[in-house]
4 protein chains.
Amino acid sequence: MSSTIGENIKISVFGESHGKAIGVVIDGLPSGLTIDMDKVLREMKRRAPGNDKTATPRKEADFPEILSGVVDNTLTGAPLCAIIHNTNTKSKDYSNIKRCPRPGHSDYPAYVKYNGFNDIAGGGHFSGRITAPIVFAGAVCKQILLEKGVKVTAHIQSIGSVKDKSFDPCNISDETIDNLLNSSFPLLDSSKEEEMRKEVADSAFNKDSVGGTIECAVVGMKAGIGYPMFDGVEGRIAKAVFGIPAMKGIEFGKGFELAKMHGSESNDNFRYDENGNIYTTTNNCGGILGGITNGMPITFKVAVKPTPSIAQVQDTINLETRQNDTLEIKGRHDPCIVLRAVPVIEAITAVTILDLLS
Amino acid sequence: MSSTIGENIKISVFGESHGKAIGVVIDGLPSGLTIDMDKVLREMKRRAPGNDKTATPRKEADFPEILSGVVDNTLTGAPLCAIIHNTNTKSKDYSNIKRCPRPGHSDYPAYVKYNGFNDIAGGGHFSGRITAPIVFAGAVCKQILLEKGVKVTAHIQSIGSVKDKSFDPCNISDETIDNLLNSSFPLLDSSKEEEMRKEVADSAFNKDSVGGTIECAVVGMKAGIGYPMFDGVEGRIAKAVFGIPAMKGIEFGKGFELAKMHGSESNDNFRYDENGNIYTTTNNCGGILGGITNGMPITFKVAVKPTPSIAQVQDTINLETRQNDTLEIKGRHDPCIVLRAVPVIEAITAVTILDLLS
Amino acid sequence: MSSTIGENIKISVFGESHGKAIGVVIDGLPSGLTIDMDKVLREMKRRAPGNDKTATPRKEADFPEILSGVVDNTLTGAPLCAIIHNTNTKSKDYSNIKRCPRPGHSDYPAYVKYNGFNDIAGGGHFSGRITAPIVFAGAVCKQILLEKGVKVTAHIQSIGSVKDKSFDPCNISDETIDNLLNSSFPLLDSSKEEEMRKEVADSAFNKDSVGGTIECAVVGMKAGIGYPMFDGVEGRIAKAVFGIPAMKGIEFGKGFELAKMHGSESNDNFRYDENGNIYTTTNNCGGILGGITNGMPITFKVAVKPTPSIAQVQDTINLETRQNDTLEIKGRHDPCIVLRAVPVIEAITAVTILDLLS
Amino acid sequence: MSSTIGENIKISVFGESHGKAIGVVIDGLPSGLTIDMDKVLREMKRRAPGNDKTATPRKEADFPEILSGVVDNTLTGAPLCAIIHNTNTKSKDYSNIKRCPRPGHSDYPAYVKYNGFNDIAGGGHFSGRITAPIVFAGAVCKQILLEKGVKVTAHIQSIGSVKDKSFDPCNISDETIDNLLNSSFPLLDSSKEEEMRKEVADSAFNKDSVGGTIECAVVGMKAGIGYPMFDGVEGRIAKAVFGIPAMKGIEFGKGFELAKMHGSESNDNFRYDENGNIYTTTNNCGGILGGITNGMPITFKVAVKPTPSIAQVQDTINLETRQNDTLEIKGRHDPCIVLRAVPVIEAITAVTILDLLS
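Definitions and limits used
Residues numbered from 1 in each chain as written. Chains lettered and ligands numbered in written order. Predicted model: local features only at pLDDT ≥ 70, side-chain atom pairs only at ≥ 80, totals over all residues. Heavy atoms only, no water. Salt bridge = Lys/Arg side-chain N within 4 Å of Asp/Glu carboxyl O. Helix = DSSP H or I, 4+ residues; strand = E, 2+ residues; numbered from the N terminus. Buried < 20%, exposed > 50% of the residue type's maximum accessible area, 1.4 Å probe, protein only. Least-squares fit on C-alpha atoms with pLDDT ≥ 70 in both. Contact = heavy atoms within 4.5 Å. Buried area = accessible area lost by both parts, 1.4 Å probe. Polar contact = N/O pair within 3.5 Å; in protein donor to acceptor, adjacent residues only side chain to side chain. Nonpolar A, V, L, I, M, F, W, Y, C, P; charged D, E, K, R; others polar. Core = buried A, V, L, I, M, F, W, Y, C linked by side-chain atoms within 4.5 Å. Pairing = 2+ DSSP bridges. Axes fitted to C-alpha atoms, helices over the stretch in contact; angles between N-to-C directions. Parallel < 35°, antiparallel > 145°, perpendicular 65-115°, else oblique.

Let us look at the pattern of salt bridges. Residues and elements named next belong to chain B. Enumeration over the complete set of coordinates arrives at 72 salt bridges over all chains. One salt bridge connects Asp-62 with Arg-129, and the closest N-O pair in it is separated by 2.8 Å. Taken together, the residues span a long stretch of sequence, with Asp-62 in the loop between α1 (37-47) and β4 (64-66) and Arg-129 in the loop between α3 (107-113) and α4 (132-147) at a distance of 67 residues. Judged by relative accessible area, which is 3%, Asp-62 ranks as buried. A relative accessible area of 4% places Arg-129 in the buried class.

Right, here's the structure in full:
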């Protein structure tokens, strides 16, 4: 089913951008953990609009109301449903988009699939807005993972042609993770912020948008987690990540660079450290061999396409006249969603990893 | 479950490299189609070892014996089980690999997960050999897809630093598909064959291996197939592809290049052709928007890591002595598996697409 | 996962009896159907408390608020979430139940499973109250089924030792279905109502409760729907029905009576009618052979245990003192839930059948 | 999917009665256990034909050949595939059955579902013969369960109108379990054997068949196993049991008798025993409350319909002439399958319980 994922921890996401509310049901959570709601709200705020100049100025509180599964802030073990009321929906006219599907958007395939009955207002169920409940789910899962010694972190790897450093895949410190979490613009090399912001500002000025990449890491995973073949860790993460709008690629460890390497370079050699613990001297495989963790950090990068909603006049079709036409998209759109996507990638990864460990 | 995938067409793969037999159960096939076994065997041969100098000289017939689900070469609708007997298994000594896990292999994580009880001979269930039944399954699914007007094709996109052209994603002709199918070294620009073969030969000479990339396309998909969010076409293909050993990255359409682009460049504009059919003038999205097909060819690229089994002495650990050690892998190994992986990627894609259409 | 069921139509139920709200997410609904909310509310009312003397006098409006998946009363194809606010929750003291698990209730196994963190107020997630969202889901699915010519109906088959007639399994008329739907006490032989009510009243008078059975039928199913073995129609319905609290048995067609019969009696002979349509002269198999429909009505009966919440003093344990103890349950409880369970059985059957047909 | 079941332990059953081989893939087994093949063969023999006068005299060795997942009789953790070659298939003419569907059989619904392409020889994939691999899977799972202190046992509860005693659901001793396992006619009250055999013999003499019931128990389950709602223990067992041909009803604990009882009779009171262990004084609920085990034995009964293959001339239709017709079934058929079904019910229960515990 489209909006459900997971085996032991299963999330079911619902809602449309301009409907009454969006939300998520999380089934399979363990009982007993007391949820720190401040931490949850902090994660929600990282994704919420209106917090950064690279993003849409549209303000939305994104305050989650928990309907079930929690008593006295403590998980009961029953399905947890949280909803976020849509408060900032303008009664805008979407008839032009209904007629003229936006290039790069799901409008046209959704029109075919749903015979035109899908809710198109604000993107409906395809809107990036419904990643908000995913961030909620991830924030809860992150707190459970922390009890297991596992942390999920991510940073902007690139925006347009400007690149951040990558993680040292053999050694991602708690300090690094904390810094990224507390940063309003999570980079390993913060000197790149200005240049990246300029890429976004230039795009916005040109009524255009720009893409980027995100690097994510999972730290604290023991060796031996996962499955061979179709239920491997890579496949599970990939399926979850491609559930997030605008993601068009994923690579684990060195990923596509491995394709240019020799085995003698790419193989990660095993060693014992002074305490008798096993590690690898490099981590080109991104912590996963044969679908199973090897005890090193899991690392992967995802490609985020440029926001398709741009203010330039674009060529498209008119489904009413059945003629070629043009479209000019109005409204407040993100010139770059990479920054806001960072906590979303962390969240869906946290859900996936907790599922694996449950 | 590790070795099972699919919703409506479900495959369950079993077997170890040096066990009695490997095989697959395919559940959910439609009844009534007469299977062309010659075509199936041709696909099997494309993957089988011993057919090309870039691959291991180990000969293995890979002849599938169908145990169920077929009467008079015709699908009955009941689960189809096919097995391939392992005929060329040498009673080799694998105790050194059991002690000293091979860098880049699943040996160590599997040792942890299975407490050392996994079959290590020839890689056991993690061996590339168990892609043979996947090619069988794909060959059957391809024939069913053909009835629906859908074709799956792939070519070597690169080996090491040598690159083939990419598909024209808006126009992949039947001729192109046939040429690739009938080629012993499937390239769009066959002039690159020599250079690629040299990359492989050099690696082999250096007791090394080399990686590469494969581009795959699905032609003939109507618009409106797939689902939003977690059951999108990208996620389904990605989960299936990461089930194949050695795959470390996947990107749809322009993939990671999209991350460097502006929306005005990456958006694929919709147009009507002279017959009133809808198409896009570019196909940067790889035929998928919002997880749903838009009627253009689906295209994606996968990263294949260099074969980890190389003949050079490598640093590793000794799980018996719990000391650092070295390992020299003996035996016949592929210096490059990209060529043999082409039909495997086609096969698992065919299974996934048929599942979507069933 | 515990509170999720379905393949193509998937429902995810959440909520606790005394939490903020209960609800359901329905994923996989087709787009385009306009929902008749009056019909939905009529189904909700059939289940709601306070409508009949056999049930608890506790009044609860059970008004569903649709949060997503519907625009202008029309299904969009996106996940539909509906919630029902809990309005009549008393801030009662449940500490005695927490200490002393109620005989016949899930209190003790839930205490073990959730380490005492499950919400015990009003039964929490185990409460019969969370069948309300199931009735909502069933009401929506029933309207879609009607478009496909399929109807689901049920009646009280017995309460205590008083029995209603059973369906004529070969011929269930629209009139019969309408009569049952519109009846406040759905019986085929309405002359049994008084006697049944007396059973319930006597039980209530004795601070006791009483069980019963329900017969359900699905009319309008074509032959050839379903699957052999583990995904047969019987198995799917059974799994769904046992998801409803208090159900302890299910039998299809003649069910347990078949165990006493000979093949010559139980076999349903096939015949052509005057219009060339195939039917069976009897329907002992309940419309299902080999897991697949044969075109006759699907019929099954379920056993409903007596409500475990009775006002008599009962022997139980005290989990605090770890001594034997007694418990006297206070509050307003149904002396018999069979009447209120009728629409619930219809609803979960409708969801299951629509899933099969989707 | 039709022939696949399980979450963590997943079995995929394949084969047709008269095909090359039947078999099963078991995915998710733990590594390390050494399988006692003698015990496996003993279970296979309990189900095999030709061992008892109540069953078909058709002899079939039912010897399983393990193709994967086992090295030196020890589970590797990889998918285990076992096949049983069909050795006693007669090249009989099944064209009359193809034309004239047998009453009470899946012939007609399968004909519709598979457009006549299903293998009808010997019942094809619908044959009781494909329960042989299920018994194999169950035999392996039983050995793993034994390590966890869990035993599965069953007996004939009734044949026709002759009844055996039921289990004392509060106390099922190892001796009872051993006796049943070693008996060629598993009864709690062995004095009933003669009478039951007479029921079968009379039916056979009359060219007829007879049904019965089986009672199954799972002993050694801790409290707190299972899930509320749709993934409860009852639902899981029921879905698995209805995957076995000829099963038409299931009831847990007192089942349908509960429907006639009052809460004061049916509620099982909790008590501490002298060692501080919790038990219930009765076990009317069959060890399951709210879908979760309460620590008492799980008990359930299933209804087995009479074998539909009887030698009497029966009324049916002719799908070629599209006229009413008659059919006389030839061949060797079981007049009663209850005895042979006992180990099958045990087996599928063992698979289901191990899945729950994995």
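We are not done yet, so read on.
Let us look at the relation of the copies chain A and chain B. Mapping chain A onto chain B calls for a screw motion: a turn of 180 degrees about the axis and a shift of 0.0 Å along it, with 0.0 Å RMSD after fitting. Given the turn and translation reported, the copies of this chain are related as if by a two-fold rotation axis. Most of the interface of chain A is mirrored in chain B, where 100% of its interface residues again form contacts.

Another point: the interface of chain B and chain D. In this assembly, 39 residues from chain B lie in contact with 40 residues from chain D. When chain B packs against chain D, close to 2,900 Å² is buried across both sides, 61% of that on carbon and sulfur atoms. Taken together, the connections running from chain B to chain D amount to 2 salt bridges. The partner of Lys-20 of chain D in a salt bridge is Glu-65 of chain B, with the nearest N and O atoms 3.4 Å apart. At the junction of chain B and chain D, the tally comes to 10 residue pairs in polar contact (both at pLDDT 80 or more). Taken together, the elements giving at least two residues each to the side of chain B that touches chain D come down to β2 (10-14), β3 (21-27), β4, β6 (74-75) and β7 (80-85) of chain B. Among the elements that make up the side of chain B that touches chain D, the one with the highest residue count is β2 of chain B (4 residues). Here the side of chain B that touches chain D is composed, by residue class, of 15 nonpolar, 17 polar and 7 charged.

A few words on the nonpolar core. Counting 156 residues, the largest nonpolar core has Ile-250 of chain A together with Ile-250 of chain B as the members making the most contacts within it. Those residues within four positions of Ile-250 of chain A in sequence are excluded, and the remaining contacts are Ile-237, Ala-238, Val-241, Phe-242, Phe-256, Phe-300, Lys-301 and Val-302 of chain A together with Phe-242, Gly-249, Ile-250 and Phe-256 of chain B. Core analysis: the next-biggest nonpolar cluster, separate from the first, contains 150 residues, Ile-35 and Val-152 of chain C together with Ile-237 and Cys-336 of chain D among them.

All names here are of chain C. Strand order in this open sheet of 3 strands is β11-β16-β15, and the pairing throughout is antiparallel. This sheet does not close on itself; its edge strands, each paired only once, are β11 (223-226) and β15 (288-289). Across 2 bridges, β11 lies against strand β16 (residues 292-294) in antiparallel orientation. Of the residues in β16, the one forming a bridge with Ala-223 is Asn-294.

A separate point is the side chain of Lys-142 of chain C. One can find Lys-142 of chain C in helix α4 (residues 132-147). With residues near it in sequence (within four places) discarded, Lys-142 of chain C still touches Glu-43, Arg-46, Val-152, Leu-181, Glu-346 and Ala-350 of chain C.

In this section: the packing of helix α1 (residues 37-47) of chain D against helix α9 (residues 338-357) of chain D. Residues and elements named next belong to chain D. Contact pair α1 / α9: the axes reach a minimum separation of 7 Å and the direction vectors enclose 135 degrees. Classed by the angle they form, the pair α1 and α9 counts as oblique. In contact with Glu-43, Arg-46 and Arg-47 of α1, α9 contributes Arg-340, Val-342, Pro-343, Val-344 and Glu-346. Across the contact of α1 with α9, the residue classes tally to 3 nonpolar, no polar and 5 charged.

Turning our eyes to something else, we now look at the environment of Lys-113 of chain B. Relative to the assigned elements, Lys-113 of chain B resides in helix α3. Once you skip the residues sitting within four places of it in the chain, Lys-113 of chain B turns out to touch Gly-224, Gly-226, Tyr-227 and Ile-292 of chain A. Polar contacts involving the side chain of Lys-113 of chain B include one to the main-chain carbonyl oxygen of Gly-226 of chain A, which spans 2.6 Å.

All names here are of chain C. If you trace the 5 strands from one edge of the open sheet to the other, you get β1-β2-β3-β7-β4, paired in antiparallel fashion. The sheet terminates laterally at β1 (4-5) and β4 (64-66), the two strands that pair on one side only. Examined bridge by bridge, strand β3 (residues 21-27) and strand β7 (residues 80-85) share 6 bridges and lie antiparallel to one another. Bridge assignment links Ile-26 to a residue of β7, and that residue is Leu-80.

Turning our eyes to something else, we now look at the interface of chain A and chain B. The partner chain B presents 99 residues to the 99 residues of chain A that form the contact. Summing the contributions of chain A and of chain B, the shared interface buries around 7,900 Å²; its carbon and sulfur component is 64%. The tally of links from chain A across to chain B stands at 6 salt bridges. On the surface where chain A and chain B come into contact, there are 43 residue pairs in polar contact (both at pLDDT 80 or more). Looking at side-chain class alone, the side of chain A that touches chain B contains 46 nonpolar, 36 polar and 17 charged residues. When strand β12 (residues 247-252) of chain A meets strand β12 (residues 247-252) of chain B, the two strands line up antiparallel, connected through 3 bridges. Looking across to β12 of chain B, one finds that Ile-250 of chain A is bridged to Ile-250 of chain B.

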